[in-house]
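Okay, here's what each chain looks like letter by letter:
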Amino acid sequence: MNEHRNDPDGTRSFAQRLIDPKSIAIVGASNDPKKTTARPQQFLAQAGYTGNAYFINPTRETVQGEKAWPSLSSLPEVPEHVYIMTGAEAAISAVEECARLGVTAATVLSSGFAEEGPEGVEREDRLRAAAAKGDVRVIGPSSLGVVNPRTGVMLTGNAAFGEPNIPSGGIFVASQSGSVIGSLVSRARGRGIGFAGLVSTGGEADLSLGALCESMVADPGVTSFALFMESLRNSEDLASFAQAAAAAGKPVAVYKLGRSDEAAALSVSHTGALAGEDSESEAFFRACGFARVYNFESLVEAPGLLRRVPVSPTPVSPRVGVVTTTGGGAAIMVDQLALRGLTIAGPSEKLVATMAERGATIPHSLIADLGLAGARHDIVTNALDAMQESGEFDLIVFVIGSSARLNPELAVQAISERGNHSVPIVAFALPEAPDAAALLNTSGVPAFRTPESCADVIAATYGRVPASIGNGARFAVDATAPTAVLDEKASGELLGSLGVEFCPAVALDVASLEDDLNLPFAYPAVVKVLSDRVPHKSDVGGVMLNVTDDQGVRDAARSIVTSVGEHQPDVVVDRVLVQQMAPRGLADALVGYRVSADVGPLVVLSTGGVLAEIFADSSVRLAPVDTKTAHEMIGEVKGLSVVTGYRGLPEGDLDALAATIVAVSELAVSHTDVLEAEINPVSIRPAGAGVVALDALVRRASSSDRGESLTVGSAAAAGH
C-alpha cells in the first residue's frame, strides 16, 4: 500500500490520515441529537478532538450549534478523513467528490450495496469506480466507523462510544462486524486494557481488513492487533499483513465466526469435507502466526499474554503452575486448563519445602493452595518468588479469592510486583474485581475475567508458531470454470510422477477380457471400475477384492458393469483397473489436497478408508509443507497413534508417510491446475517397509487441448 497518498511533503502517512486525521468532515450530519447521524459530532466534542471538524448538511445553516457546510467542495481545506452517513446513491456521489478533491480516506456508513443483491452489487461497483477517480481509499460500506481513543477521533455512530473516557492503549481492533467494536470497549473498560484504534471494516468494497491493519503496523503506538472476522475474504491482504506484523514483533489475536460448506459443494472426495468448514481457517491462521481464540472475551484479553510470551518454533505444552487463595476457584481453573490439553504441573516436594521455609506453607498437591495466608503481601511475594525461581514452571496462574475485590493492595499488589519475571504470571479473580484487574494489567500481569478466557488465551498463546504464510504458493479458485475429474489410472500416474508409490496395476478393456490377460504381477488382485464419472467406486459396487485368477477377473468385471449400471445408468463402463492386492498394512491413512477459494492450496492428513469423513480426525496445513511439518501432522491425527509406537504397538514407516504428504503438497507449485487430489487409502507398512497408495483421485482445471471428459463446476456433475 502506498502510505503517502496526497501527501506531497511526505510527512503524513496514509495510516496517520486514516486514524489520526488533522481535519475531518462528516457528510450527512444531523441536527436531531436522537439520530445516529448526530452521534459522531457529539462523540467528537465529548472526546476532546482538537483537529478541524466540518459538518456537511446542505439543508441547514447550523448543525447542533456548529456551522453547517453545503458540500465538501465548499470547505476551506481538503479534510484528511471524511465520514459519509447518507443513502447509498448520495454516498457514491460523496466518494466521487472526495476523489476529485484529493481526500485520503473516506469511511462509508451507508448500506444498500452488495448485501442487497444484484442492484446493490452494481452500486458497489460504482462506489469503487468513484473512488478510483482519485486516490481516496474507502472503508466500508456499512462501516460503523473509525475510532482512535488516543486523539479523540470518534468517527462512529456506535452508541457504545457515547460513554466518556474510552480506554486508550496499544491494541488495534479491526472488525468485520460493526457492533463488536463497541462491545469490546465495554468489556475492557476499567480493567487496564486500552486501544490504539478500533475500525469497523464493513463490506470491504475497497480497503480490506488485512490491508487496513498492514497500514497500522508501523504506528509505534500500536503494540498488538485483535481481529474479529466473519469470513476470510481478501486473504491475500491478510497474509501480507501477517508477514508485516511478524516482522515488527506485534502479535495478532483473531476470533472468527462462521462455517463454510463451500468445500463440500466443490469436492468429489472426502478431502473437501475434511479440509472444509473451519479447518481451512485454522490452517490459514496458523500459517499467519496468529493466536486464534474461541472465547469472545479472550480477544481483548489475549494481547497482554501474547506480548509477554515469545513465539516458539513449534507449539509447546507449557508447564502451568496454579497458585491460589481459594481452592474452589483453583479447581475451576484446573478444569478449564485440562479441557484444552494444557499440562498442570504440581509443585515438587523440594519446592513445597522451600516455600514452607519462606512462610508460604502449602499441601503437596496439584495446586499451591496458600489458604488464608494468601491475603498477606509478604506470603504471596515469597511464594511467587520460590515458584518463579524453581525452574518447574513455564507459566503461573494465580487464582485470587475475595481479597482481590476487598483488599487489592494485599495479594494483588504482590502479584503485580512480579510481573516482569521471565516466568510470566496471569491472574483470575473468582469474585469479579475490576480495580484489581486494572492494577494487574497495567503492571504487566494479564488479568482475566473468566477461567474460560484465561485457559483459552494460554492455549492460543503457546499454540502459536512463527508466520510462514509467504513460503508457499497461493492462488484463487474460479468455482465456475470447467474442471476434469481424472480416472484412477490417470490420477495415479500424475501423483506417481511426484514420487507417490502405488501398487502395480493395468487398465483392461471390458470387451477384450476373454483374451489371455497376462497380468504383469501375481494374484491376488483387486478389480475396480475405471471411469472419471465414478469417483466413489465402493458406493456403486465398483470394487471386487481377492480375485485369484483370470476367470475371477472376468467375473468381477461383469459384476461391476451390472452393479454400476444399476446405480448410475448413464455411465458406460468399458474399462476396469486390475491392481495387485497389497499385503495388509498396520493402518490406513488418507492424504488429500485441495485448493480453497479463500486461502489457496491445502494438504490434508486423516485416517483412511470409507469412514474418513465420519470420524473427521484430520490435520490440515497450507501447501506445500516440509518434512518437519508433515511429521507434526501425523502426530495430530489421533487415529494414527496406532502406528507411532504407542504403548508398544508396532511402529509404521512414518518417514515414508511424511514423504508422501510432502509429495502431494508439492501439487501447489508443480501442478497449479490441480484443484483437488486424494490418495485413500494409503497403506502404512512397518518401519522401513514404506507406504503404498491403493486408490487415487485428481480433479483439475480443464483445457480445450486436453482430450478429457469434463465436469463443470460441481461435485454433482462429477458423479458425486
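Residues numbered from 1 in each chain as written. Predicted model: local features only at pLDDT ≥ 70, side-chain atom pairs only at ≥ 80, totals over all residues. Heavy atoms only, no water.

Trainee: Talk me through the packing of helix α3 (residues 88-101) against helix α4 (residues 118-131); I want residue IDs and the actual numbers.
Mentor: One way to put it is that α3 packs onto α4 with a least axis distance of 7 Å and a crossing angle of 15 degrees. Considering their axes alone, α3 and α4 lie roughly parallel with respect to each other. Note on packing geometry: the crossing formed by α3 with α4 is right-handed. Packed against α3, whose contacting residues are A88, E89, A91, I92, V95, E96 and A99, the element α4 presents R123, R126, L127, A130 and A131 at the interface. Classifying every residue of the contact of α3 with α4 by side-chain character gives eight nonpolar, no polar and four charged. (Axes fitted to C-alpha atoms, helices over the stretch in contact; angles between N-to-C directions. Helix = DSSP H or I, 4+ residues; strand = E, 2+ residues; numbered from the N terminus. Parallel < 35°, antiparallel > 145°, perpendicular 65-115°, else oblique. Left-handed = near helix turned anticlockwise from the far one by under 90°. Contact = heavy atoms within 4.5 Å. Nonpolar A, V, L, I, M, F, W, Y, C, P; charged D, E, K, R; others polar.)

Trainee: Now, about the environment of R233: what can you tell me, with residues and values included?
Mentor: Here R233 shows up in the loop between β12 (224-229) and α7 (235-248). For R233, a relative accessible area of 27% corresponds to the partly exposed category. Sequence spacing of R233 and L209 is 24 residues, and the spatial spacing of their C-alpha atoms is 9.0 Å. Excluding residues that lie within four positions of it along the chain, R233 makes contacts with Q176, G202, G203 and E204. (Buried < 20%, exposed > 50% of the residue type's maximum accessible area, 1.4 Å probe, protein only.)

Trainee: Now, about the nonpolar core: what can you tell me, with residues and values included?
Mentor: Within the largest apolar cluster, 61 residues are counted, with the highest numbers of intra-cluster contacts made by F161, L337, V397 and I458. Ranked by the residues each element gives to this core, the list is headed by helix α18 (residues 451-462), at six residues. Within the second largest apolar cluster, 42 residues are counted, among which are L18, A174, C288 and F290. (Core = buried A, V, L, I, M, F, W, Y, C linked by side-chain atoms within 4.5 Å.)

Trainee: Summarise the sheet that holds strand β24 (residues 543-547); cite the residues concerned and give the values.
Mentor: Pairing is antiparallel in the open sheet, where four strands are placed in the order β22-β25-β23-β24. With one partner strand each, in any of the chains shown, β22 (505-509) and β24 form the two edges of the open sheet. Shown here is a sheet whose adjacent strand axes are inclined to one another by a mean of 20 degrees, direction ignored. (Pairing = 2+ DSSP bridges.)

Trainee: Summarise the pattern of salt bridges; cite the residues concerned and give the values.
Mentor: All told, the structure shown has 38 salt bridges when counted by the stated rule. One salt bridge connects D278 with R292, and the closest N-O pair in it is separated by 2.8 Å. Note that D278 is positioned in the loop between α9 (270-275) and α10 (279-288) and R292 in strand β14 (residues 291-292), a separation of 14 residues in sequence. For E632, the salt bridge is made with R621, and the minimal N-O distance between the two is 3.6 Å. With a gap of 11 residues between them, E632 in helix α22 (residues 627-636) and R621 in strand β28 (residues 618-622) connect regions that are remote in the sequence. On the basis of relative accessibility, which here comes to 7%, the residue R621 falls in the buried class. Counted as one network, the salt bridges with shared partners bring together R191, E297, E301, E432 and R449. (Salt bridge = Lys/Arg side-chain N within 4 Å of Asp/Glu carboxyl O.)

Trainee: Please give an account of helix α12 (residues 327-339) that cites residues and values.
Mentor: The end-to-end C-alpha distance of α12, which contains 13 residues, comes to 18 Å, matching closely the 18 Å that a straight helix rising 1.5 Å per residue would cover. The set of residues buried in α12 consists of G329, A330, M333, V334, Q336 and L337. Mapping the buried residues of α12 onto a view down its axis gives an arc of 165 degrees, with all of them on the same face. Across α12 from its buried face, at more than 90 degrees, point the exposed residues D335 and L339. On its buried side, α12 packs onto β15 (319-324), β16 (343-344), β18 (395-400), β19 (425-429) and α18. Phi turns positive, to about 75 degrees, at G341, one or two residues after α12. (Expected span 1.5 Å × (residues − 1). Arc of directions from axis to C-beta.)

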